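# A closer look at the structure
Below are the chains, spelled out letter by letter.
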Amino acid sequence: MLCVALLFTALPCAHAAGEPVAWSAISGGHSRGEWSVDLRGGWPRFAARAQVGVGKGWSPTLELVGTPSWRIEPSLGVTKSVLRGSKGRLVLELLAGWQVQTGSLAQRGPSLVARIRPLIQGKKAGFWASLGTRHTVLFDRTTRRSVDGSEVSWSARHRWSPEIGFGGVFVLTPQLSLTVGLDLTFIDIGTIALSLPGFQAGLQFGRGAP
Amino acid sequence: MSGCRLAPLSSLLLLISVLGSTACVNEDIELWEVTLEITVASDDESIEAGPLFIELHHREVGTGELTYPLALIEAFEAVGPGSFVHSFDYPAHAGTGLVAYAWRDLDEDALLCAPGAAEEPVGASEVSDLESYSPQVLILLDHTCIGPERFTFPSDTN
C-alpha cells in the first residue's frame, strides 16, 4: 500500500491549484471527479474507505471496518458535505451493509451506520472528528413442532454500537496525507455493553477534481 | 397472458429480504409442543396427596467434551402422588432427552429435606417417546433427599 501511495505522489497532479485531497479523504464531501482511499490501522480496529465525488458534495463510499479475528463490517453508502469552507467542513454520511461477528458471541445481520464528520483544516494540518451510530438487526428463527405439523416464525433483535473518534491529519502532498487519532467504540449497548478504546494511524491518497 | 413481472427494484428488495432472512439466522430455536402425562407413585402408602414439586430437565446439553448432564427446562408444582397432565414447549435446540424429577413436600415448607425436617421422598425418570408429542412418564418416589443430579441416565453415545 505504501508503494501504491508513493506511486500516486510521483504522478503529476491534475489539479495542483486545488485543495489537498486529504480533507475529502478524511471527512468526505468530495468535489465532482475527486476520489480518495483512506487506510487506517491500529488497535483494536482497522478501516479502509474508498470514495469518489459525483457532484454537489455527494460521494458514494465503500467502507470496510473491523476488529481482526472478531468482527467485520462492510458497508456501502454516501457522504454529503453540508457545510464547506476554506477553514473546514461538516460532512454527514449514511452507509448500509453487513456485520459479522465470530467467536462465542457470534452474530451476523444487516447494519446501518450514520456518522457526522466535522473537519477543521489549515494549510498543512487539520483536526478531524467522527461521531457515529451503528444499528444492526439480528434475525432469529423459531420452529414450533406439534402433532399438527410445524410452523416457522421470525423475530428480530436490535443492536446499537455508537462510536467516537478524533485526531489530526497531516498533508504530505496534494495527493497524500497521514492521520493519527484515538477512537472509542461502544459495542452492543444494553447487552454486551463492551467499550473498546483504541488508537489508529492512517494513510490517505487520491486525486483532486480534474 | 404473461406472468407476473416485478419491477427491477421490487425484485432486488425481495432478493435482499430472502437472502437477509435465510443467510443471517442467529438464534435457531426449535420448540416442540409437548403434552406430558405424568404419574407420580410411591410404594409407601402412608404418603398422602399433597404438594409435589416437579422439574423437567434435558438429559444432557452440549456436545463433545463439553457435554453436561441435566439442564433445567422448567419447574412447577402439582398435587400427588397421582396423575396429571402438563403441557410445555420442549426446547429441542438446547439439549437432548427429557428427565422428569419430582419430590413430595411432606412438611410443606417448599424446601427439600431442610435441616431438622423429615426426610422427603424423591424420584426421577427419563421420558421416552418424546417425539410423539404426548409421552407418558412414571416417577417412582423411591429415594429420599437427593437432587436430580444424583440420578444417572445413559446418554445416546453410551
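Within each chain, residues carry numbers counting from 1 in the order of the written sequence. Think of it this way: whatever chain is written first is A, whatever ligand is written first is 1, and the rest follow in order. A pLDDT threshold of at least 70 governs which residues receive local features in this predicted model, and a stricter bar of 80 or more applies before side-chain atom pairs are shown or counted, although totals over entire chains, interfaces and linings include all residues. Water and hydrogen atoms play no part in the side-chain values, which are based on all heavy atoms of the structure.

### A look at the overall build of chain A
Secondary structure elements are taken from DSSP: a helix is a run of H or I of four residues or more, a strand is a run of E of two residues or more, and numbering for both begins at the N terminus. Check the secondary structure of chain A and you find two helices and ten strands. Listing the helices and strands of chain A from first to last along the sequence gives α-α-β-β-β-β-β-β-β-β-β-β. Based on the C-alpha atoms only, the size of chain A along its principal axes is roughly 75 × 30 × 30 Å. With a 1.4 Å probe rolled over the protein chains alone, any residue whose accessible area is under 20% of its type maximum counts as buried; one over 50% counts as exposed, and the rest are partly exposed. Across the 210 residues that make up chain A, the buried fraction comes to 44%. In this description, contact between two residues means that some pair of their heavy atoms is separated by no more than 4.5 Å. A separation of at least 24 residues holds for 51% of the contacts in chain A among residues at least 6 apart in sequence. All accessible-area figures derive from a Shrake-Rupley calculation using a 1.4 Å probe, and residue coverage is judged against the displayed protein chains alone. Here chain A displays about 10,000 Å² of accessible surface, and carbon together with sulfur accounts for 71% of that area. Think of it this way: Lys and Arg go in the positive column, Asp and Glu in the negative one, and His and the chain ends go nowhere. One atom stands in for each charge, and that atom is NZ of Lys, CZ of Arg, CG of Asp or CD of Glu. Averaging the positions of the 22 positive and the 12 negative side-chain charges in chain A gives two centres separated by 7 Å.

### Regarding the packing of aromatic side chains
All names here are of chain B. Paired rings are identified among Phe, Tyr and Trp, the last through its six-membered ring, by centres lying within 6.5 Å, and are further divided according to the angle between planes into stacked (under 30 degrees), edge-to-face (over 60) and tilted (the rest). For the structure on display, the rule yields four aromatic pairs over all chains. Here the aromatic rings of W32 and Y133 are separated by 6.0 Å at their centres, their planes lie at 70°, and the arrangement is edge-to-face. Of this pair, W32 sits in strand β1 (residues 25-41) while Y133 sits in the loop between β6 (121-126) and β7 (136-140), and the two are 101 residues apart along the sequence. Overall, W32 belongs to the buried group, its relative accessible area being 12%. Overall, the relative accessible area of 16% leaves Y133 in the buried class.

### Points about the nonpolar core
A general trend in soluble globular proteins is that nonpolar side chains are found buried together. Residue and element names in this part refer to chain B. By nonpolar core is meant a set of buried Ala, Val, Leu, Ile, Met, Phe, Trp, Tyr and Cys residues that side-chain atoms within 4.5 Å join together. Within the largest apolar cluster, 23 residues are counted, with the highest numbers of intra-cluster contacts made by I38, V40 and I54. Breaking this core down by element, the ones donating at least two residues are β1, β2 (50-61), β3 (68-80), β4 (82-91), β5 (99-104) and β7. The leading source of residues in this core is β1, at five residues. Excluding residues that lie within four positions of it along the chain, V40 makes contacts with L52, I54, P81, G82, F84, A102, I139 and L141. Within the second largest apolar cluster, nine residues are counted, among which are W103, V122, I146 and F151.

### Focus: unusual backbone geometry
Apart from glycine, the bulk of residues carry a negative phi angle, and the bulk of peptide bonds sit in the trans form. The amide bond that connects A:W43 to the next residue, A:P44, takes the cis arrangement and shows omega of 0°. Relative to the assigned elements, A:P44 resides in the loop between β1 (35-43) and β2 (46-52). For the bond running from B:G80 to B:P81, omega is 10°, close enough to zero to count as cis. Mapped onto the fold, B:P81 is located in the loop between β3 and β4.

### Topic: the sheet that holds β3(B)
Residue and element names in this part refer to chain B. At least two bridges found by DSSP between two strands are what make those strands a pair. Judged by pairing direction, the sheet is antiparallel, and its five strands sit side by side in the order β3-β2-β5-β6-β8 without closing on themselves. Of all the strands in the sheet, the pair left with one neighbour each is β3 and β8 (143-144). In terms of strand pairing, β6 meets β8 through two bridges, oriented antiparallel. Note on β8: the bridge partner recorded for V122 is H143.

### Here we look at the confidence of the model for chain A
Every residue carries a pLDDT, the predictor's confidence in it, which falls somewhere between 0 and 100. When pLDDT is averaged along chain A, the result is 89; 92% of the residues meet or exceed 70. Low pLDDT, under 50, characterises residues 4-17 of chain A; the predicted model gives this stretch 19 contacts beyond four residues in sequence or across chains.

### Quick notes on the interface of chain B and chain A
Across the contact, 16 residues belong to chain B and 18 residues belong to chain A. Surface buried jointly by chain B and chain A totals about 1,600 Å² across both partners, of which 47% is contributed by carbon and sulfur atoms. By salt bridge we mean one thing: a side-chain nitrogen of Lys or Arg within 4 Å of a carboxyl oxygen of Asp or Glu. Linking chain B with chain A are four salt bridges. B:D89 is the partner of A:R144 in a salt bridge, and the nearest nitrogen-oxygen pair spans 2.8 Å. Elements with a minimum of two residues in the side of chain B that touches chain A: α1 (8-23) and β1 of chain B. Per element, the largest residue contribution to the side of chain B that touches chain A is nine residues, and it comes from β1(B). Residues that form the side of chain B that touches chain A fall into these classes: seven nonpolar, four polar and five charged. As paired strands, strand β7 (residues 125-146) of chain A and β1(B) are joined by six bridges and run parallel to one another. Across the sheet, the residue bridging to A:R141 is B:D28, located in β1(B). Note on terms: buried area is the combined drop in 1.4 Å-probe accessible area of two parts once they are placed together, counting the loss on both. Side-chain classes are defined by residue name, with Ala, Val, Leu, Ile, Met, Phe, Trp, Tyr, Cys and Pro counting as nonpolar, Asp, Glu, Lys and Arg as charged, and the others, Gly among them, as polar.

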